[in-house]
Amino acid sequence: GENVEQHPSTLSVQEGDSAVIKCTYSDSASNYFPWYKQELGKRPQLIIDIRSNVGEKKDQRIAVTLNKTAKHFSLHITETQPEDSAVYFCAAINAGGTSYGKLTFGQGTILTVHP
Amino acid sequence: DTGVSQNPRHKITKRGQNVTFRCDPISEHNRLYWYRQTLGQGPEFLTYFQNEAQLEKSRLLSDRFSAERPKGSFSTLEIQRTEQGDSAMYLCASSHKFQETQYFGPGTRLLVL
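Keep in mind it's a predicted model, so treat the numbers as computed, not measured.

> What am I meant to see in the pattern of salt bridges here?
Inspection of the entire model under this criterion finds seven salt bridges over all chains. In this structure, Glu 39 of chain A engages Lys 37 of chain A in a salt bridge whose closest nitrogen and oxygen atoms are separated by 3.8 Å. Note on Glu 39 of chain A: relative accessible area 34%, which makes it partly exposed. With a shortest N-O distance of 3.4 Å, Glu 83 of chain B and Arg 64 of chain B are connected by a salt bridge.

> Can you help me understand the sheet that holds strand 6 (residues 56–59) of chain A in this one?
Residue and element names in this part refer to chain A. One open sheet holds the five strands; their spatial order is 1-3-8-7-6, and the pairing between them is antiparallel. The sheet is open, and its two borders are formed by strand 1 (4–7) and strand 6, each paired with just one other strand. Each strand of the sheet is rotated relative to its neighbour by a mean of 15 degrees, with strand direction disregarded. Alignment of strand 7 (residues 62–67) against strand 8 (residues 72–77), held across six bridges, turns out to be antiparallel. Note on strand 8: the bridge partner recorded for Leu 66 is Phe 73.

> Honestly, the sheet that holds strand 8 (residues 75–79) of chain B in this entry has me stumped. Any pointers?
Across a sheet, strands are paired by hydrogen bonds formed along the backbone, either parallel or antiparallel in direction. Residues and elements named next belong to chain B. Reading across the sheet, the four strands line up as 1-3-8-7 and stay open at both edges, with antiparallel pairing between neighbours. The open sheet has two edge strands, strand 1 (5–7) and strand 7 (65–68), and neither has a second partner. Across the sheet, the axes of successive neighbouring strands diverge by a mean angle of 15 degrees, strand direction being ignored. Pairing analysis gives three bridges linking strand 1 to strand 3 (residues 19–24), with the strands arranged antiparallel. By the bridge assignment, Gln 6 is partnered in strand 3 with Cys 23.

> Is there a simple way to explain the interface of chain A and chain B in this structure?
By a widely used convention, the size of an interface equals the accessible area lost when the partners come together. In this complex, chain A contributes 21 residues to the contact, which on the side of chain B involves 21 residues. Of the roughly 1,700 Å² buried between chain A and chain B, counting both surfaces, carbon and sulfur atoms make up 55%. For the pair chain A and chain B, the number of links is one salt bridge. A salt bridge links Glu 100 of chain B to Arg 51 of chain A; its shortest N-O distance comes to 2.7 Å. Mapped onto the side of chain A that touches chain B, the elements with two or more residues apiece are strand 4 (32–38) and strand 5 (45–51) of chain A. A breakdown of the residues in the side of chain A that touches chain B according to their chemical character gives ten nonpolar, seven polar and four charged.

> Please explain the packing of aromatic side chains as it appears in this structure.
Here a ring pair, both rings aromatic, is described through the centre-centre distance and the interplanar angle of the planes. The final tally for this structure, using the stated rule, is 14 aromatic pairs over all chains. Judged by centre distance (4.9 Å) and plane angle (45 degrees), the ring pair of Phe 33 of chain A and Phe 73 of chain A falls under tilted. Residue Phe 33 of chain A is found in strand 4, and its partner Phe 73 of chain A is found in strand 8; the two are separated by 40 residues along the sequence. Phe 73 of chain A shares its class with Phe 33 of chain A; the two are buried. Measuring from centroid to centroid gives 5.6 Å for Trp 35 of chain A and Phe 73 of chain A, while their planes differ by 70 degrees, and the two rings are edge-to-face. Of this pair, Trp 35 of chain A sits in strand 4 while Phe 73 of chain A sits in strand 8, placing them 38 residues apart in sequence. According to the relative accessible area criterion, Trp 35 of chain A is buried, its value standing at 0%. Following the ring pairs from residue to residue traces out a cluster consisting of Tyr 36, Phe 89 and Phe 105 of chain A together with Tyr 33, Tyr 35, Phe 45, Tyr 48 and Phe 104 of chain B.

Parameters at a glance
Residues numbered from 1 in each chain as written. Chains lettered and ligands numbered in written order. Predicted model: local features only at pLDDT ≥ 70, side-chain atom pairs only at ≥ 80, totals over all residues. Heavy atoms only, no water. Salt bridge = Lys/Arg side-chain N within 4 Å of Asp/Glu carboxyl O. Buried < 20%, exposed > 50% of the residue type's maximum accessible area, 1.4 Å probe, protein only. Pairing = 2+ DSSP bridges. Helix = DSSP H or I, 4+ residues; strand = E, 2+ residues; numbered from the N terminus. Axes fitted to C-alpha atoms, helices over the stretch in contact; angles between N-to-C directions. Contact = heavy atoms within 4.5 Å. Buried area = accessible area lost by both parts, 1.4 Å probe. Nonpolar A, V, L, I, M, F, W, Y, C, P; charged D, E, K, R; others polar. Phe/Tyr/Trp six-rings, centres within 6.5 Å; stacked < 30°, edge-to-face > 60°.

Structural data, given as structure tokens:
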């Protein structure tokens with residue numbers, strides 16, 4: 001089955017700096033890669049996603065890049081703000097494959113943005 | 001609120017008791033998923049429904065766990081003879097048949113004493 005590794009486990013930055021979180025996956029058939037933000041005690045919320053036919057996607061201060069050959073994808077947050085502090089999870093899925101809807105998540109990154 | 005809802009939000013029970021959780025997906029989402037999340041970890045897949053059919057179950061879902069979605073709308077997850085190791089956040093998510101994006105509910109936090 002799919003295995004997703006996420007690094008770093010914790011990330012501390014100063015407000016205004018950039019933050020980068022990296023994930024690798026094992027199943028070359030995975031074709032959809034969402035990123036979720038989870039604040040303490042709250043539900044995971046989708047912040048950005050990318051499909052395997054695209055190498056990069058950007059939404060304001062957030063961007064995701066995908067390298068299918070190396071089987072890794074990254075989340076980039078620019079101009080970080082204290083409200084970006086949360087746990088971020090990457091995930092992978094073979095959408096349309098025999099694993100149906102099963103998302104495999106990374107272990108999470110605790111991002112802390114210091115004012 | 002038209003998002004995924006879950007009840008109860010918190011449940012404290014004694015070891016050996018049975019518990020049941022409910023998930024109401026986003027209207028018109030025919031796919032529904034259950035995940036379990038322990039402290040400091042990412043969600044782990046438990047099971048998946050398309051309409052009322054349970055199409056996949058994780059090996060994490062022991063015989064003490066059962067999930068249903070009888071009319072293809074809401075779903076229930078029952079844990080029989082709870083154990084302390086069952087303590088976790090149980091998350092439900094739903095998605096539209098033609099979209100990969102899964103939207104999560106707020107979860108039910110279970111504590112087994």
